[in-house]
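# Architecture at a glance
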Amino acid sequence: MTAPRGQLWGGRFAEAPAAAAAALGRSVDVDVRLWPYDIAGSRAHAGQLHRLGVLDAAALRAILEGLGSVAAELASGAFVFLDDDEDLHGAVERRLLELCGPVAGRLRAGRSRNDQIASDLRLYLRDAIAATAAGVRAVQRALADKAAEVGDCVAPGYTHLQRAQPVTLAHALLAHAWALDRDVGRLVDGRRRLLAGSTLGAGALAGNTLGTDPGAYAAALGFTGVAANSMDAVADRDFAVEFLAAAALLGVHLSRLGEEIVVFSSVEFGWVRVDDAFSTGSSIMPQKRNPDVAELVRGKTGRLVGDLVALLVTLKGLPLTYNRDLQEDKQPVFDAVDTLALVLPAVAGMVASLRFDRERLAAAAGGGFALATDLAEELVRRGVAFRDAHERVGALVASCEQRGVDLGDLAAEELVAALPDLAGADLGGLVDVGAAVGRRDAVFGPAPDRVAAQLQRLRASLDAPLNGAEEKG
Ligand code: ARG
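For every chain, the first residue of the written sequence is number 1, and numbering continues from 1 onward in sequence order. Local features in this predicted model are restricted to residues of pLDDT 70 or higher, and side-chain atom pairs are both shown and tallied only at a pLDDT of 80 or more, whereas totals for entire chains, interfaces and linings draw on every residue. Note that water and hydrogens are dropped before the side-chain values are worked out from all heavy atoms of the structure.

## Points about the environment of Ala 134
Numbering goes from the N terminus for both helices and strands, where a helix is a DSSP run of H or I of at least four residues and a strand is a run of E of at least two. Mapped onto the elements of the fold, Ala 134 is located in helix α6 (residues 113-150). Residue Ala 134 is classed as partly exposed on the basis of its relative accessible area of 38%. Along the sequence, Ala 134 and Leu 466 sit 332 residues apart, while their C-alpha atoms lie 8.0 Å from each other. Accessible area is worked out with a 1.4 Å probe on protein chains only. A residue is then buried under 20% of its type maximum, exposed over 50%, and partly exposed in between.

Dropping the structure here:
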């Protein structure tokens, strides 16, 4: 059987694949998006074959011109895919044959779709990770700008979603930004690692006998190094797992921010208002204003986690080296990239649009016995063992609760009557929420001065180059 031209094998087969088998194996609809990287790899490969005398100067010129035309057709959308085009590599070779004639059949020497696809996906992720990280940076900038805008506004801090201790709102906003900072670090770290492992020249698994130079491909394509082992080069997709793991965790972080916006924008809290531009209405309830963007951010995290799990399960137990299962690596990667490309700008815009109600936040921050720890720690400063201080303040809270008052509602005499060791203390300052936040002035604390320094530190991180100096291409 002679292979159809978009299929890169066939000589030893008596029969064409069954339609169902061909349909199952066809991946061109998915992997077409890798074409710029596949063409770049083919150009580098043509150069190697020329150096080795497999392509003479005329053949090299014809093939490079042909690749240019194929690229132009793919870029413009004029490229016509045929039913026989099994995957991107087959489609490109088929079209090159149509454009250049039989000389195009020389280009496949010494390479395999295995080293091609491993290279293509790495190069795709090089660019996609840079774009994703830039998107995360935009969310961080929105959080940093919002933190600067709200200044020393106080807010309740929670544990167990129960009022715990007061913080500054900026401190809480920046907490999310720092988590995202580590996500950027993970993304960029994985990118650096994948760029160190150029795969072209590894062929199917063991290289070739023609003498192509792996380092030359690496240099031509912008890799920083060559994989150490040709079998590992074509077999592993750990670089894609690393990206998906970073993406999933990024999604988890964004979902926590989204959840807080959903909860805190409800009428029950009423601390923050999401702009109309990032809210939606109800088809039946005219009054509704729903935080759909925040909810979708939360919801999309399910996909991102699913993408990671899908690839891990695909890889589990695969023997060395390439197995066709690996063809399933691309959809989760593309889905995660696409999902984040939708989510990140929406989150950045939503965060920028938030308007906080400072009065309500201040009232909530000081209420709910949030200053109980401050009283106990003042007792400690006055020599009381914390164990006893905890008990005494706890008893005072219980009695206040029965009377329906908060600590700040107590008259000075009542406070001192309940906690005699407080005699002579600055009682007003003790139950003032702004003062309480200012007292928490450890280097990573919520005191406004510390938060201002923290914000500067974050801005320095945001301004640092994403990719480091290690990248060449
Ligand atoms: N479409 C394939 C993939 O995405 C390319 C490699 C196919 N290699 C093979 N030996 N069948 O993984």
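Right, picking up where we left off after that structure.
## Things to note about the site of the ligand
If you check the shell around the ligand, you find Ser 27, Asp 31, Asp 87, His 89, Arg 113, Asn 114, Ile 117, Tyr 322, Arg 324, Gln 327 and Lys 330 and nothing else. For this analysis, a polar contact is any N or O atom pair within 3.5 Å, provided that within protein one partner can donate a hydrogen and the other can accept it, and provided that sequence-adjacent residues contribute only side-chain to side-chain pairs. Contact between the ligand and Asn 114: a nitrogen atom at 2.9 Å from a side-chain N or O atom of the residue. Lys 330 places a polar side-chain atom, nitrogen or oxygen, 2.6 Å from an oxygen atom of the ligand. Only the protein chains shown count as covering a residue, and every accessible area follows the Shrake-Rupley method with a 1.4 Å probe. Taken by itself the ligand offers 340 Å² of open surface, and the protein chains cover 88% of this. Throughout, near means a residue has at least one heavy atom within 4 Å of the molecule or strand.

## So, the environment of Ser 230
Mapped onto the fold, Ser 230 is located in helix α9 (residues 230-235). Along the sequence, Ser 230 and Thr 199 sit 31 residues apart, while their C-alpha atoms lie 7.1 Å from each other. Whether two residues are in contact is decided by their heavy atoms: any pair within 4.5 Å suffices. With sequence-adjacent residues up to four places away left out, Ser 230 is seen in contact with Ala 202, Leu 205, Ala 206 and Gly 207. A polar contact of 2.6 Å, which involves the side chain of Ser 230, links it to the backbone oxygen of Leu 205.

## Section: the side chain of Arg 237
Among the structural elements, Arg 237 can be located in the loop between α9 and α10 (238-264). In contact with Arg 237, not counting residues within four places along its chain, are Ile 117, Ala 118, Leu 121, Leu 311, Leu 315, Tyr 322, Leu 326 and Asp 329.

## Details of the pairing of strand β1 (residues 154-159)
Strand direction decides the pairing type here: β1 and strand β2 (residues 162-168), joined by 6 bridges, are antiparallel. Opposite Gly 157, over in β2, you have Gln 165 as the bridge partner. When DSSP finds two or more bridges between a pair of strands, those strands are recorded as paired. Following β1, the chain reverses through 2 residues before pairing antiparallel with β2; His 160 in that reversal takes a positive phi of roughly 60 degrees.

That's the geometry; what it means functionally is another story.
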